[in-house]
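Fold and contact review
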Amino acid sequence: MSTYQTMPFHLETERLILRPWAESDAADLCALLSERGNGTPPVVRIRTSIAELLAATETTGIALLPIQRRDEGDFIGYCGLIIGRTTVEEPEIAYELFQHAHGRGYATEAAGAVLEAAVATGRKRLWSTVGAWNAPSLRVLEKLGFERDHVTTEDNGEVVWLTRSLP
């Protein structure tokens, strides 16, 4: 049994809504993942991934949430807390947005809301891991008060590990 509160699964900011996954998000998530340049994953596999995300949320009390623009109502990416390369006690903040949504402050806005949600769980520290090449993502984390901790090397290059203490 976790000693942490469950993270809120519905977050709203001035321009964004973060909410739980639905099976209807599969096509949008496929399109987002295809922007990575590794082809488009099969929708059936993404539906399975969404089910796995929802199941993980049930057991961990943390969530990766789809991001919708409030006015337009469109899916632009995801943001949330994951175990990833870390632990449930000190989870990782993760986000990814469609390229057309880059440069508008959406990642900072969404991650700021997730950061507040993490504080509400009672956790004391978050991590983030970012490819060393990803300067825009590193800027987002810097704006949110994350500091570089160390760098590791993986098959796809250097990974910067950043951390942020929570109040």
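No experiment lies behind these values; they were computed from the predicted model shown.

Considering the overall build of the protein
Scanning the protein for helices and strands turns up four helices and eight strands. With respect to the three principal axes, the spread of C-alpha positions in the protein is 35 × 35 × 30 Å. With 167 residues in all, the protein has 46% of them scored as buried. Considering only intrachain contacts with a sequence separation of at least 6, the fraction spanning at least 24 residues in the protein is 59%. Counting every atom, the protein has about 8900 Å² of accessible surface; 50% of that belongs to carbon and sulfur. Side chains of the protein give 16 positive and 23 negative charges; the mean places of these two sets differ by 2 Å.

Observations concerning the layout of surface pockets
Considered as a void within the structure, the largest pocket measures approximately 1400 Å³ in volume. Of all elements in the fold, only α1 (26-34), α2 (43-60), β4 (75-82), β5 (92-97), α3 (106-121), β6 (125-131), α4 (135-143) and β8 (157-165) reach the threshold of two or more residues within the lining of the largest pocket. The element that contributes the greatest number of residues to the lining of the largest pocket is β5, accounting for six residues. Class assignment of the residues belonging to the lining of the largest pocket gives a composition of 21 nonpolar, 15 polar and nine charged.

Re the nonpolar core
Note on soluble globular proteins: their nonpolar side chains tend to be buried together. Ranked by internal contacts, the top residues of the largest apolar core, which has 34 residues, are Leu11, Leu18, Ile67, Cys79, Leu81 and Phe146. Taken together, the elements giving at least two residues each to this core come down to β2 (16-18), β3 (64-69), β4, β5, α3, β6, α4 and β8. Ranked by residue count, the leading element in this core is α3, at nine residues. In this view, Leu18 contacts Phe9, His10, Leu11, Leu65, Pro66, Ile67, Cys79, Ala110 and Val114; residues no more than four positions away in its chain are not counted.

What to know about the pattern of salt bridges
One pass over the structure, following the stated rule, counts ten salt bridges. Of the charged contacts, one joins Asp25 and Arg19 as a salt bridge, the two residues approaching to 2.7 Å between their closest N and O atoms. With a relative accessible area of 3%, Asp25 lands in the buried category. The class for Arg19 is buried, based on a relative accessible area of 16%. For Arg69, the salt bridge identified is with Asp74, shortest N-O distance 2.7 Å. One network of salt bridges, with partners in common, ties together Arg69, Glu72 and Asp74.

Quick notes on the environment of Ile83
Relative to the elements of secondary structure, Ile83 occurs in the loop between β4 and β5. Assessed through its relative accessible area of 33%, Ile83 is described here as partly exposed. Each C-alpha atom of the pair Ile83 and Ile93 lies 8.7 Å from the other, and the pair is ten residues apart in sequence. The contacts of Ile83, once residues within four sequence positions are left out, are Thr60, Ile62, Val88 and Glu92.

Some details on the side chain of Asp25
The topology assignment puts Asp25 in the loop between β2 and α1. A polar atom in the side chain of Asp25 sits 2.8 Å from the backbone nitrogen of Ala22. If sequence neighbours within four positions are ignored, Asp25 has contacts with Arg19, Pro20, Ile50, Pro66 and Phe75.

As for the pairing of β4
Across the eight residues that make up β4, a large majority, seven, are buried. Note that β3 and β4 share five bridges and pair antiparallel. Across the sheet, the residue bridging to Leu64 is Gly80, located in β4. Between the antiparallel neighbours β3 and β4 lie five residues, among them Gly73 with a positive phi of about 75°. Of the strand pairs in this sheet, β4 and β5 are connected by six bridges, and their pairing is antiparallel. Each bridged residue has a counterpart across the sheet, and for Tyr78 the counterpart in β5 is Glu96.

Procedures and definitions
Residues numbered from 1 in each chain as written. Predicted model: local features only at pLDDT ≥ 70, side-chain atom pairs only at ≥ 80, totals over all residues. Heavy atoms only, no water. Helix = DSSP H or I, 4+ residues; strand = E, 2+ residues; numbered from the N terminus. Buried < 20%, exposed > 50% of the residue type's maximum accessible area, 1.4 Å probe, protein only. Contact = heavy atoms within 4.5 Å. Areas by Shrake-Rupley, 256 points an atom, 1.4 Å probe, with all protein chains shown as cover. Lys, Arg positive; Asp, Glu negative; His and termini not counted. Charge placed at Lys NZ, Arg CZ, Asp CG, Glu CD. 1 Å grid on protein atoms, 1.4 Å probe; cavity = no way out; pocket = protein on both sides within 12 Å on 5 of 7 lines; lining within 4 Å. Points joined across faces, edges and corners; volume = space filled by probe spheres on them. Nonpolar A, V, L, I, M, F, W, Y, C, P; charged D, E, K, R; others polar. Core = buried A, V, L, I, M, F, W, Y, C linked by side-chain atoms within 4.5 Å. Salt bridge = Lys/Arg side-chain N within 4 Å of Asp/Glu carboxyl O. Polar contact = N/O pair within 3.5 Å; in protein donor to acceptor, adjacent residues only side chain to side chain. Pairing = 2+ DSSP bridges.

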